[in-house]
Amino acid sequence: MRVLLCSGLMWLSLLASAETAPVSDQLEQLKQQVIQLNRELFLLEEELLFPPQTQLAVFLSADTGQFFQLDSVELILNDKPVGAHLYTAQQWEALKRGAIQPLYKGNVKAGEHNLTAVFVGKGPDNRDYRRAVNYRFAKADDAVLLELQINDRSSDYQPDFVVQPWSND
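A. Structural view of unusual backbone geometry. In this structure, Asp-125 is a non-glycine residue whose phi angle is positive, near 60°. The backbone of Asn-126 shows a phi angle near 60°, a positive value even though the residue is not glycine. Along the chain, the position of Asn-126 falls in the loop between strand E5 (111–122) and strand E6 (128–139).

B. Region of the structure containing the environment of Ala-57. One can find Ala-57 in strand E1 (residues 55–62). The class of Ala-57 is buried, set by a relative accessible area of 4%. Between the C-alpha atoms of Ala-57 and Gly-106, which are 49 residues apart in sequence, the distance is 6.5 Å. When neighbours within four sequence positions are excluded, Ala-57 is seen to be in contact with Tyr-104, Lys-105, Val-144, Leu-145 and Leu-146.

C. Seen up close, the pattern of salt bridges. This structure, assessed with the given rule, holds 4 salt bridges. Of the charged contacts in the structure, one is a salt bridge between Lys-96 and Glu-93, with a shortest N-O distance of 3.1 Å. Of this pair, Lys-96 and Glu-93 both sit in helix H3 (residues 89–96), 3 residues apart, which is roughly one turn of that helix. Between Arg-153 and Asp-160 there is a salt bridge, and its shortest N-O distance comes to 3.4 Å. What makes Asp-160 partly exposed here is its relative accessible area of 25%. Salt bridges here are not isolated pairs; linked through shared partners, they connect Arg-153, Asp-156 and Asp-160.

D. Inspection of the pairing of strand E3 (residues 80–86) at higher detail. The element E3 is largely exposed, with a buried count of 0 among its 7 residues. Taking the residues between adjacent antiparallel strands as the criterion, strand E2 (residues 69–77) and E3 are bridged by 2 residues, where Asn-78 takes a positive phi near 55°.

E. Structural detail: the sheet that holds E5. Pairing within the open sheet is antiparallel, and its 4 strands lie in the order E3-E2-E5-E6. Since the sheet does not close on itself, it has two edges, and those belong to E3 and E6, each with one partner. With direction set aside, neighbouring strand axes in the sheet form an average angle of 20°.

Conventions and cut-offs
- Residues numbered from 1 in each chain as written.
- Predicted model: local features only at pLDDT ≥ 70, side-chain atom pairs only at ≥ 80, totals over all residues.
- Heavy atoms only, no water.
- Helix = DSSP H or I, 4+ residues; strand = E, 2+ residues; numbered from the N terminus.
- Buried < 20%, exposed > 50% of the residue type's maximum accessible area, 1.4 Å probe, protein only.
- Contact = heavy atoms within 4.5 Å.
- Salt bridge = Lys/Arg side-chain N within 4 Å of Asp/Glu carboxyl O.
- Pairing = 2+ DSSP bridges.
- Axes fitted to C-alpha atoms, helices over the stretch in contact; angles between N-to-C directions.

Below you can see the structure in the form of structure tokens.
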């Protein structure tokens, strides 16, 4: 569909401006039009696939990571697995330096929902660590954006796992 639309636009553009500008200028204009059209199609596709009325997006962030090294995370929405990710050392380092990773983007109906995130990794003293955090939320008309945060808790030298909703304000 996109290819047919783009090729039709290119052909019409060439016919309309064949006598007014050199071919290189026409090609450059055509490239810019195709890029703009592709951008608009992408935005429309995103809006159709993930309308704000049903959108749920989950992100992951970490602070210094002194007391925990993440190996994997699994997301469970309303008792159904919806996503999982295994981390390389490079990905974990990027998260510790401030990266925020998108973990899940999907559609949910309006109403009450329960999100569970299961974190697996190495805790203090290089011991195996498995911890889950639950978060209940109500889905209304706006998109729900949630951030899973892995924080160091210096008071007892343990990692802390928190779900932080992002506000649309």
